[in-house]
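Examination of the molecular architecture
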Amino acid sequence: MQQKTRIDYIDIFRSFGIITMVMGHIGYGAAFDHWIHAFHMPMFFWISGFLFNPDRANSMSFRALAAKKAKALLYPYFTFGLGHFLPMFLGQLLMGGGMNWQPLLHLLWVNTDGLGICGALWFLTALLIADLSFFLLHKSIPGDIAKAVVIGGLALILPDLLYFCKYEQALLDVYAVKPTIPYLLATVTYGAVIEEVMLRLFMMSLAAFVLHLIFERKRETVSTAVLVAANVVSALLFAAGHLPVNDMMFGLTPVIVFRCFLLNGVFGLTFGWLYRR
């Protein structure tokens, strides 16, 4: 039997995610909770996407994948959910309370409201929906570039609509305005051409050149560490460069600043990684 090998950095990444998930549910204060909830559960979605195998996906049907994922994710979801609901339900009957079926209805509607300690089971159904949705995107959209454009657009819009717009009405007002064709053309041209030329071709290359001169003068080629550091520097500058326009449109509240660095930083790191390749 062929023995499966472990990838150390993936195991370390997942271990760190498990630790931060536990810390996020202990309660260290509002500031810490807001910070850690920004990434501790998304880490598991990232690793799921990282381990996605296009060749294996191409050889599978949607029905086969759905059955495989449902067995892996829905079985523990209902096992732990019902295992928590039944004792809670019996306890209510023995205590003379009324029969509350709402937690069971929530469980059947891929939700866990009212289940107390099993509330975190929402992650299993969310991961199932995300995996199946990405599989459909992979199957239906030809070409890696087209996939990157669609997924990148969703990654830009969904956090705004589902999270940031709850705290900043000005963001929601922007989505209510229908953009014109000239505005879209100008935005795409400036963002996709001018900003990328300035930040990747010049800034990232300059940062890599300077870091190479400082730390690797005797080395003929630029190391991966220097390229990664240059990518981080250019991504932070890329995000910081959007602060003035955010100030003009929304005002620089903590939520707006965090949004600016999160969205632009993530895209900056991604574009830098593509440029490096």
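Because the structure is a prediction, the values reported are computed rather than measured.

Summing up its helical and strand segments, the protein has 13 helices and 0 strands in all. When the elements of the protein are put in sequence order from the N terminus, they spell out α-α-α-α-α-α-α-α-α-α-α-α-α. The C-alpha extent of the protein, read off along each of the three principal axes, is 75 × 55 × 40 Å. Evaluated residue by residue, the protein yields a buried proportion of 28% over its 277 residues. Carbon and sulfur atoms provide 72% of the accessible area of the protein, an area that totals close to 18800 Å². Taken together, the 19 basic and 15 acidic charged side chains of the protein have centroids lying 11 Å from each other.

Taken N-terminus to C-terminus, the directions of helix H8 (residues 144-162) and helix H13 (residues 254-276) make an angle of 170 degrees; their axes are 11 Å apart at the nearest point. When the interaxial angle is binned, H8 and H13 end up roughly antiparallel. The segment H8 lies against H13, with Gly152, Ala155, Leu156, Pro159 and Asp160 engaging Arg259, Leu263 and Phe267. Looking at the contact of H8 with H13, its residues break down into 5 nonpolar, 1 polar and 2 charged.

Here we come to the nonpolar core. In this structure, Phe123 and Leu124 are the most contacted members of the largest nonpolar core, which totals 20 residues. When contributions to this core are tallied by element, the ones reaching two or more residues are helix H5 (62-94), helix H6 (102-108) and helix H7 (122-140). Setting aside its immediate chain neighbours within four residues, leucine 124 contacts Leu73, Pro76 and Tyr77. Grouped together as the second largest cluster of nonpolar side chains are 6 residues, Ala207, Ala208, Val226 and Ala230 included.

In this section: the pattern of salt bridges. Within this structure, the stated rule accounts for 3 salt bridges. In this structure, arginine 6 and aspartate 11 form a salt bridge, with 2.9 Å as the shortest nitrogen-oxygen distance. Arginine 6 sits in the exposed class, given a relative accessible area of 58%. Notably, a salt bridge pairs arginine 14 with aspartate 11, separated by 3.2 Å at the nearest N-O pair. On the criterion of helical spacing, the pair formed by arginine 14 and aspartate 11 is a turn pair, its members being 3 residues apart in helix H1 (residues 8-24). By relative accessible area, which is 21% here, aspartate 11 ends up partly exposed. Via salt bridges that share partners, Arg6, Asp11 and Arg14 belong to a single interconnected network.

We now examine the layout of surface pockets. Space inside the second largest pocket adds up to approximately 180 Å³. Together, Ile18, Met21, Met41, Phe44, Ala120, Leu121, Phe123 and Leu124 line the second largest pocket. Taken together, the residues that form the lining of the second largest pocket break down as 8 nonpolar, no polar and no charged.

About the criteria used
- In this convention, every chain numbers its residues from 1, walking through the sequence in written order.
- pLDDT decides what is reported in this predicted model: residues at 70 or higher carry local features, side-chain atom pairs at 80 or more are listed and counted, and totals for whole chains, interfaces and linings draw on all residues regardless.
- Hydrogens are left out, water is left out, and the side-chain values use all remaining heavy atoms of the structure.
- Strands are runs of DSSP state E lasting at least 2 residues, helices are runs of H or I lasting at least 4, and numbering of each runs from the N terminus.
- Working definition: with a 1.4 Å probe on protein chains only, accessible area under 20% of the residue-type maximum means buried, over 50% means exposed, and in between means partly exposed.
- Only the protein chains shown count as covering a residue, and every accessible area follows the Shrake-Rupley method with a 1.4 Å probe.
- Counting rule for charge: Lys and Arg are taken as positive, Asp and Glu as negative, and neither His nor the chain ends is counted.
- Lys charges are placed at NZ, Arg charges at CZ, Asp charges at CG and Glu charges at CD.
- Axis geometry follows a simple rule: fit a line to the C-alpha atoms, using only the stretch in contact for helices, then measure angles between N-to-C directions, giving values from 0 to 180 degrees.
- Here is the rule for angles: anything less than 35 degrees is roughly parallel, anything more than 145 is roughly antiparallel, 65 through 115 is roughly perpendicular, and the remaining ranges are oblique.
- Should any heavy atoms of two residues lie within 4.5 Å, those residues are considered in contact.
- Each residue gets one of three labels, nonpolar for Ala, Val, Leu, Ile, Met, Phe, Trp, Tyr, Cys and Pro, charged for Asp, Glu, Lys and Arg, and polar for the others, Gly among them.
- Among the buried residues, those of types Ala, Val, Leu, Ile, Met, Phe, Trp, Tyr and Cys that are joined through side-chain atoms within 4.5 Å form a nonpolar core.
- Every case where a carboxyl oxygen of Asp or Glu lies within 4 Å of a side-chain nitrogen of Lys or Arg is listed as a salt bridge.
- Grid spacing is 1 Å over the protein atoms alone, the probe is 1.4 Å, and a cavity is where that probe fits but cannot get out, while a pocket is an open set with protein on both sides within 12 Å along at least five of seven lines and lining residues have an atom within 4 Å of a point.
- Grid points are joined across faces, edges and corners, and a volume is the space filled by probe spheres set on the points.

Remember that the coordinates give geometry; whether it matters functionally is a separate question.
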